[in-house]
Amino acid sequence: MKGIVFTEFLDMVEKKFGYEVVDQIIEDSDLESKGIYTAVGTYPHSEVVNLLMNLSDRVKLDPTLLLKEFGKYLFDTFLASYPQFFNSVDNAFAFLHSIDRHIHVEVLKLYPDATLPKFESEETEDGTMIMTYKSPRKMAALAEGLIEKSIQYYKEECTIQSENQVEDGSEVKFTIKRIG
Amino acid sequence: MENLDILKRKLERERLARKQAEQILESKALELFEVNASLQKLNVSLEDQIDQRTKALQESESKYRNVINNASDIIYTTDSNGCFTFINPVGIKSFGFSEEEIIGKQFAHFVLESHQKQLLEYYINLRDQNKKNDYYEFPIRSKDGETHWIGQNVNRVEKPDGSIYFNAVARDITLRKITERQLEEAKEKAIRAQQAEQQFLANMSHEIRTPLNAIIGMSHLLKDTELDAKQSEYIDILADSASLLKGLVSDILDISKIDAGKAEINEESFDLIQLINKLSKTFANRANEKGLIFETHIDPIQNTFVLSDKQWLNQILINLIGNAVKFTSSGKIDVVVEKIKEDEKTKTVSFTVKDTGVGIKEEDKETIFYAFKQATTETRRKYGGTGLGLSIASKLVSLLGGTLELDSIEGKGSQFYFTLQFKHGRIEEKNAESIQEIGQKMTNSLSVLVVEDNLMNQKYILTLLDKWGIQHNIANNGLEAVEAFNNGNYDLIFMDLSMPIMDGYEATSKIRSLNKKQIPIIALTASTFLSKKQLALESGMTDFLAKPFTPEDLARKIKKHSLPQYKDDSVQNSELHFDTRLDVDSLNELYNGDHKHALDMFKTYLSLVDDELHMLTQAISKNNKASAKKQAHKIKPIFTMVGLNQITEHCEDLERALDTENNEMIQKFFLLIKDAVIHTKPIIDSNTKEIELYLNKTI
Ligand code: HEM
C-alpha cells in the first residue's frame, strides 16, 4: 500500500485525537515499519488494517465508521494535490465514472506498484448510478467516504445505498440516486 | 514525562521517515540517472543510424544524379504550372539556354507559337484526365533561333499532400524529323514523277489512238468499195497491221493502268458460257487453219450468268488461248471450264487452257509473267506479239481475285489455269443483235449531231450514219456545237472531248444550261482513264464511246440512247425508263411497272408544284413560320412521287430549321428547295412526255 495512505491516516488521527493516540496505536501494533512512513514509500497493507483496528479499540468507535471518515479526509487531500482530476468534469456522476477509467489509470502510471480497487459503474435510465467496488483489500467504507465527499463537492444531493455482493466485503454495490 | 517520551518518539519517527524518504529519493535519482544514460546511448545510436541513412541517401542521390546528368535523354521536372524545376545537362544543351534561363520558366515559353494550343491541351489532359503517360512531339526554339523537335513522355506525379508535378523524359528528335521530312519530300517527288508518267501515257494513248482510229475506220470503209485482188490484199495487211498496233497500244496502256492501280473493275451481269463459246468459235477457226484440234469442255452450270468484269475476263482468255494457238504447231488445244463450287450467292469456276506446244523452259517459268519478258528475243522474232499478253493476263486474274498458274514441260506443252469466285448474275432475256438489224431499225427520222474536229474521224462516223440512213450534222468544235444545237432539233449528240476553240466539257455544260431538252450527249474519248470519264460525267454527259470504235460499237450506243420510239423491243420490254437524274430505284419500287400510275403522278406534280412553291415562298417572305412549316410538311411527299427524293429531304431540313430562330438556315433550305424545283422541272417535263409516248406506243 502506498505511503500516502499511511501518512494521511496518521495525520487524520493526530488531527482528530491528538498525537498521543497516534503514538499509542503505533506502539500497540507490532509494525514491521515501526510506524515510520513517507508518502513516497510502499508498505504492507496489513499495517493499515492493524492501525485501524487499534484505533477503533482505543477510541471505542466502529472501524467501518473510522474508515469512512478517513475516506472523507483523504478526499480533501486528493482535491488539494490533484485539482486537475476534478476540473475535467462538471458533475458527480461523471467524476465517479472517471475514477476507474481515468484517475486510477493515471495513478498507476505514477506508482506502478499501487494496489488499486476495481470499479464498475453504470447509469440506469432513471438517472441512478450503480457503482460496484471490487478489491481483496475490502475497503469499501473508504470508497463510501470518498463518494460522499465527491457528491458534496459538485454540490449535488444524493442518497447512497451500499450492499455487499460478496459476504466478506470484497465486492460491494453502491446505488447512488439523485434527490429532486 | 510521558509526553516527553512521546515527543521524542515522534521526532525520532520523523527523522527516520525523512531518512527513508531521502534514501528512496537517492535510489530514484540513481534510477533516473541510469535511465538518462541509457537514453543518451540510445540517442547516440539513433544519430548514428541517421548518419548512415543520410550517407546512403546521399550516395544513391549522387548515383541517380550521375545517371540523370549523363543520360543521353533529356530529363526534366516541372511544377504543376509547367514551370521548370530541374533539367539535366543534355536538356540544357538541347534548349540552348543556360540553366538559370530555363529554371522557373514555363515549358510553353520555349515551344513554337504554332504548337502552343496543342501543348496546352496536352498538359491539361495530363493534369485533369489523370492520364499517366503520353508521348508527344513539340518543336521548340532554342536560343540561337533554331527549331529543335522534342519528343517527350511526361509523367504526372502526385505528392502525398495531393499536389502534383510533372517529370519528363524527352529526346531531341530534330534529326529524325529532318529525315522524315526528306523522306516525305522524296516520296512526293516520286509520286509527282509517277503522275507525270501516267499523264504522259494518257496523252500518248490519245495521240496514237486518234490517227489509229482513222486508219482502222478507213480500212473498214475501203473494204466496202470495189477493189481488185491486189488492193484487197494490201487493205487486209493494212487492217491487220493497224489492229496489231492497236493491240500493242492497248496492251501497254492496260499494263500501265494496272500497275498504277487505275484499272477499274466494271462489274456487269453476263453469260459466262456464252463468252467461252464465242471465244472458242473464233479460236477454233484459227486453230483448225493451223491443223490443230481445238476442244472446249464445259461443266454444266445452273445459272450461267455471273457478275464480273466481262471485258477483263475476255481479255485474259483471249491472251491465254491466243498464246496456246500461237505457240502450238501440232496437236491439240483444250479449254476446260469446271465448276468447283456453287452456293446461294456465288459460284467458283476454274479455267484451264492446255496446249501441246513448245512449252516453257524451267528457268523461264518464273519470269514469264513479268512485263516484256517473252521467253526469249528469239521467240519474239519467231512468233511475234508484244510479250505483254501473259503479264496482262496474270495481273488481270489477280485483279479479279485469282492467281494465274502454270504447268509446263519444254517441248511437250503448257497448261495455264486459274480459279475465280463469281457472284451470281441476273439472267437477261435478249442479247445484242447484228449490225444489220440495228441499221434496219434506225429510221431516217433520227437526227444526230456529231461534234468532232478530226476530219478523218468525222468522215468515218458520217459514212456509217449515211449507211444506216440516219440524219446528221457536223460541228467542228464546241462553239459550233452549241450554235447547231440552238438552231436544230437533234435526238443525240456525239461529242469529242479535246477540240480547239471550245472543248467538249464546256460545250456540254453550255448545252445543259440551255435546258431545252434532256438530249443524250455521248463523249467520244480516246482516253480510257477513269478521271476523264468522271470529268465528262460531271460536265453533264450521258455516256462514253472509246476511240477507236467499231461500227457495231457506234450502232449500239445510238440504239441505247435514241428516244423511245426508236428503241427496239428488247429495250422497251424492260423496266419503265426514268431519267437517271431522278431516284430511279425508288421510282421503280414505287410504280412497279404501272406506267399509267406513274404518268398520273408526274402530271399531277407538274400541275401542282408551281402553286405550292408559291405558297411556301409567301409564307417564308412574310416570316410566318407556322404556316411555312405546315406548307413544307404538305409538299414534302409530292417530290418523292416523281423521284426527287433530295427535295423531300430539303423540306424536312426546312421543317426542322423553322423550329429554330436560325433565319439563315431557314433561308438556306428554302432557297435549296426553290432552286431544285426550278431546275428539275424540265427533267420531269421531258420524262412525263417520254412516259406518255411509251404508253401510246404499247397500248
Ligand atoms: C484524485 C482522486 C484520487 C486519487 C489521486 C486516488 C489515488 C489513490 C491511491 C494512490 C491509492 C492507494 C493505492 C495503493 O496504496 O496501492 C488509492 C486507493 C483507493 N482509492 Fe483512490 N484515488 C482518487 C480518488 C478516489 C475516489 C473518488 C474513490 C472513491 C470511490 C477512490 C477509491 C479508492 C479506494 C477504495 C482505495 C483503496 C484501495 C482498495 O480498496 O483496494 N479513490 N487511490
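Here's a quick rundown of the structure. For clarity, every value in this text was computed on a predicted model and none was experimentally measured.

Topic: unusual backbone geometry
Positive phi, normally seen in glycine, also occurs at Lys-34 of chain A, with a value near 60 degrees. Structurally, Lys-34 of chain A can be placed in the loop between α2 (19-28) and α3 (45-59). Residue Lys-34 of chain A is classed as exposed on the basis of its relative accessible area, which comes to 59%. One non-glycine residue, Asn-623 of chain B, adopts positive backbone phi at about 60 degrees. Structurally, Asn-623 of chain B can be placed in the loop between α19 (595-621) and α20 (625-641).

A short note on the site of the ligand
All names here are of chain A. By nearness alone, 25 residues border the ligand, and Lys-2, His-104, Thr-115, Tyr-133 and Ser-135 come closest of all. With respect to the ligand, the backbone of Lys-2 contributes an N or O atom lying 2.5 Å from an oxygen atom. In the model, an oxygen atom of the ligand is placed 3.5 Å from a nitrogen or oxygen of the Pro-117 main chain. In this structure, the ligand is accommodated by the second largest pocket. Among the secondary structure elements, those contributing two or more residues to the shell around the ligand are α5 (83-87), α6 (92-110) and α7 (140-153). Residues of the shell around the ligand, tallied by class, amount to 20 nonpolar, three polar and two charged.

Observations regarding the packing of aromatic side chains
Enumeration according to the criterion identifies 26 aromatic pairs over all chains in this entry. Between Phe-84 of chain B and Phe-95 of chain B, the aromatic rings sit 5.7 Å apart at their centres with planes inclined by 85 degrees, giving edge-to-face as the arrangement. Separated by eleven residues along the polypeptide, Phe-84 of chain B in strand β2 (residues 84-87) and Phe-95 of chain B in helix α2 (residues 89-95) bring together distant segments of the chain. Here Phe-84 of chain B matches Phe-95 of chain B in class, with each residue buried. With 6.2 Å between their ring centres and 70 degrees between their planes, Phe-107 of chain B and Phe-138 of chain B make a pair best called edge-to-face. Of the two residues, Phe-107 of chain B is situated in the loop between α3 (99-102) and α4 (116-128) and Phe-138 of chain B in strand β3 (residues 133-141); the sequence distance between them amounts to 31 residues. For the residue pair Phe-107 of chain B and Phe-138 of chain B, the accessibility class agrees, reading buried in each case. Seen from the ring of Tyr-19 of chain A, Lys-10 of chain B lies directly overhead, with NZ or CZ sitting 4.6 Å from the centre. The ring of Trp-149 of chain B carries the charged tip of Lys-177 of chain B above its face, separated from the ring centre by 4.2 Å.

Quick word on the coordination of the iron atom of the ligand
Within the protein, a single donor atom binds the iron atom of the ligand, namely His-104 of chain A (NE2) at 2.5 Å. Relative to the assigned elements, His-104 of chain A resides in helix α6.

Here we look at the sheet that holds strand β1 (residues 118-123) of chain A
Residue and element names in this part refer to chain A. With antiparallel pairing, the four strands of this open sheet are ordered in space as β1-β2-β4-β3. The sheet is open, and its two borders are formed by β1 and β3 (158-164), each paired with just one other strand. Direction aside, neighbouring strands of the sheet carry axes that sit 15 degrees apart on average. The sheet strands contacting α6 are β1, β2 (128-134), β3 and β4 (171-178), and the helix crosses β1 at an angle near 145 degrees. Its contacts with the sheet place α7 against β1, β2, β3 and β4, and it is angled at close to 15 degrees to β4.

Brief notes about the layout of surface pockets
With a probe scaled to a water molecule rolled over the atoms, the places where space remains empty come into view. Residues and elements named next belong to chain A. Looking at the second largest pocket, its volume works out to about 770 Å³. Around the second largest pocket, the lining comprises 34 residues; the ones closest to its centre are Leu-74, Phe-78, His-104, Leu-116 and Leu-146. Every element with two or more residues in the lining of the second largest pocket is listed here: α1 (3-17), α4 (63-81), α5, α6, β2 and α7. Here the element with the most residues in the lining of the second largest pocket is α6; it accounts for eight residues. Residues belonging to the lining of the second largest pocket are distributed by class as follows: 27 nonpolar, four polar and three charged.

Observations regarding the pattern of salt bridges
Evaluated as defined, the whole model comprises 40 salt bridges over all chains. A salt bridge links Arg-18 of chain B to Glu-22 of chain B, with the nearest nitrogen and oxygen atoms 3.9 Å apart. With Arg-18 of chain B and Glu-22 of chain B both in helix α1 (residues 2-70), this residue pair falls four residues apart, about one helical turn. One connected set of salt bridges, linked through shared partners, spans Lys-16, Lys-68, Glu-69, Lys-72, Glu-144 and Glu-148 of chain A.

Conventions used here
- Residues numbered from 1 in each chain as written.
- Chains lettered and ligands numbered in written order.
- Predicted model: local features only at pLDDT ≥ 70, side-chain atom pairs only at ≥ 80, totals over all residues.
- Heavy atoms only, no water.
- Helix = DSSP H or I, 4+ residues; strand = E, 2+ residues; numbered from the N terminus.
- Buried < 20%, exposed > 50% of the residue type's maximum accessible area, 1.4 Å probe, protein only.
- Near = heavy atom within 4 Å.
- Polar contact = N/O pair within 3.5 Å; in protein donor to acceptor, adjacent residues only side chain to side chain.
- 1 Å grid on protein atoms, 1.4 Å probe; cavity = no way out; pocket = protein on both sides within 12 Å on 5 of 7 lines; lining within 4 Å.
- Sits in = over half its atoms within 2 Å of the grid points.
- Nonpolar A, V, L, I, M, F, W, Y, C, P; charged D, E, K, R; others polar.
- Phe/Tyr/Trp six-rings, centres within 6.5 Å; stacked < 30°, edge-to-face > 60°.
- Lys NZ or Arg CZ within 6 Å of the ring centre and 35° of its normal.
- Donors = N, O, S within 2.8 Å, 3.2 Å for Na, K, Ca; no water.
- Pairing = 2+ DSSP bridges.
- Axes fitted to C-alpha atoms, helices over the stretch in contact; angles between N-to-C directions.
- Contact = heavy atoms within 4.5 Å.
- Points joined across faces, edges and corners; volume = space filled by probe spheres on them.
- Salt bridge = Lys/Arg side-chain N within 4 Å of Asp/Glu carboxyl O.

Everything listed here is a matter of geometry and, on its own, says nothing about what the molecule does.
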